[in-house]
Amino acid sequence: MSKVGIVMGSDSDMPVMAKAADVLKQLGIAFEMKIISAHREPDVFFQYAKTAEEKGFKVIIAGAGMAAHLPGMCAAIFPMPVIGIPMHTTSLGGRDSLYSIVQMPSGIPVATVAINGGVNAALLAAKILAVSDHDLLQRLKEYSKELKEQVQEKDAKLQEYGYENYGK
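**Some remarks on a negative patch on the surface**
Negative charge collects at one region of the surface, where E142, E146, E149 and E153 lie side by side. For E146, the position within the fold is in helix α6 (residues 134-165).

**With respect to the nonpolar core**
V4, M17, L27, I29, I61 and I85 are the most contacted members of the largest nonpolar core, which totals 27 residues. The biggest single contributor to this core is helix α5 (residues 118-130), with seven residues. Each residue touching M17, except ones within four places of it in the same chain, is listed here: I6, V7, M8, M33, I61, A62, G63, I85 and M87. One finds V7, A52, A62 and L70 within the second-largest nonpolar core, a separate group that totals 19 residues.

**Observations concerning the packing of helix α2 (residues 42-51) against helix α3 (residues 69-77)**
In contact at an axis separation of 9 Å, α2 and α3 are set at 50 degrees when each is read in the N-to-C sense. The angle between α2 and α3 falls in the class oblique. Regarding α2 and α3, the two cross each other, and that crossing is right-handed. Counted together, F45, F46, A49 and K50 of α2 and L70, M73, C74 and I77 of α3 form the full contact between these two elements.

**Focus on the pairing of strand β2 (residues 31-35)**
Two elements, strand β1 (residues 4-8) and β2, share five bridges in a ladder whose sense is parallel. Along β2, the bridge assignment pairs M8 with I35. With helix α1 (residues 14-26) bridging β1 and its parallel neighbour β2, the resulting β-α-β unit is right-handed.

**Focus on the packing of α5 against α6**
At a closest axis distance of 8 Å, the pairing of α5 and α6 adopts a crossing angle of 140 degrees. At the point where α5 passes α6, the crossing takes the left-handed sense. Contacts from V119, L123, A126, K127, L129 and A130 of α5 reach α6 at L136, L137, L140 and Y143. In terms of residue class, the contact of α5 with α6 is made up of nine nonpolar, no polar and one charged.

**Comments concerning the packing of aromatic side chains**
The tally for this structure, following the rule as stated, stands at two aromatic pairs. With 5.5 Å between their ring centres and 65 degrees between their planes, F45 and F46 make a pair best called edge-to-face. Relative accessible area serves as the criterion here: at 1%, F45 is assigned to the buried category. On the basis of an interplanar angle of 55 degrees and a centroid distance of 6.0 Å, the ring pair of Y48 and F57 is categorised as tilted. A single burial state applies to Y48 and to F57, both of which are buried.

**Considering the pairing of strand β3 (residues 59-64)**
In terms of burial, β3 is largely enclosed, as six of its six residues are buried. Here β3 shows two buried faces, one formed by V59, I61 and G63 and the other by I60, A62 and A64. Summarising the sheet, β1 and β3 pair through five bridges and their orientation is parallel. Within β3, the position partnered with V4 by the bridge is V59. Looking at chain direction, β3 and strand β4 (residues 82-86) are connected through five bridges and run parallel. By the bridge assignment for β4, I61 is matched with I83. Read from β3 through α3 to β4, the crossover connection turns out right-handed.

Parameters and conventions
- Residues numbered from 1 in each chain as written.
- Predicted model: local features only at pLDDT ≥ 70, side-chain atom pairs only at ≥ 80, totals over all residues.
- Heavy atoms only, no water.
- Patch = residues over 30% accessible without salt bridge, like charges linked within 9 Å, V, L, I, M, F, W, Y side chains within 5 Å.
- Areas by Shrake-Rupley, 256 points an atom, 1.4 Å probe, with all protein chains shown as cover.
- Salt bridge = Lys/Arg side-chain N within 4 Å of Asp/Glu carboxyl O.
- Lys, Arg positive; Asp, Glu negative; His and termini not counted.
- Charge placed at Lys NZ, Arg CZ, Asp CG, Glu CD.
- Helix = DSSP H or I, 4+ residues; strand = E, 2+ residues; numbered from the N terminus.
- Core = buried A, V, L, I, M, F, W, Y, C linked by side-chain atoms within 4.5 Å.
- Buried < 20%, exposed > 50% of the residue type's maximum accessible area, 1.4 Å probe, protein only.
- Contact = heavy atoms within 4.5 Å.
- Axes fitted to C-alpha atoms, helices over the stretch in contact; angles between N-to-C directions.
- Parallel < 35°, antiparallel > 145°, perpendicular 65-115°, else oblique.
- Left-handed = near helix turned anticlockwise from the far one by under 90°.
- Pairing = 2+ DSSP bridges.
- Right-handed = clockwise from strand over helix to strand, strands pointing away.
- Nonpolar A, V, L, I, M, F, W, Y, C, P; charged D, E, K, R; others polar.
- Phe/Tyr/Trp six-rings, centres within 6.5 Å; stacked < 30°, edge-to-face > 60°.

Purely geometric stuff here, so don't read any function into it on its own.
Written out as structure tokens, the structure reads:
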């Protein structure tokens, strides 16, 4: 049974959304990934959002660019948390997407991460699920420990080689 739905408005969003999927996979969280255009196929979108709870989704991660209606419309229909990922756009650098997702009307919340923030969207979804899943909470703690160790390894290299030779 899927716990997280990952939905994007276009295949151009795939590099960012794949990062979210990779983190969920690494943490052992089941997910389903779909490409659905809320504007070009509204009937398909409504069916997706209306049946997400029945499918066992506990969180939806929705990525969208430009007008970025996908996350907000998911939140309007799906009764559980929705995390919006604003996509970088060529015309406005993703600010259009960010504003569209973050400025939801009162009563329709969408948690919003940074532009192209696929990794953080997956981690936020995992933290939401970890509230009621002790094993997942432990995996998240291990993930954080690994991040800390990576930074410490980089600092050790810097201290050993100096900044002039770092990365050479």
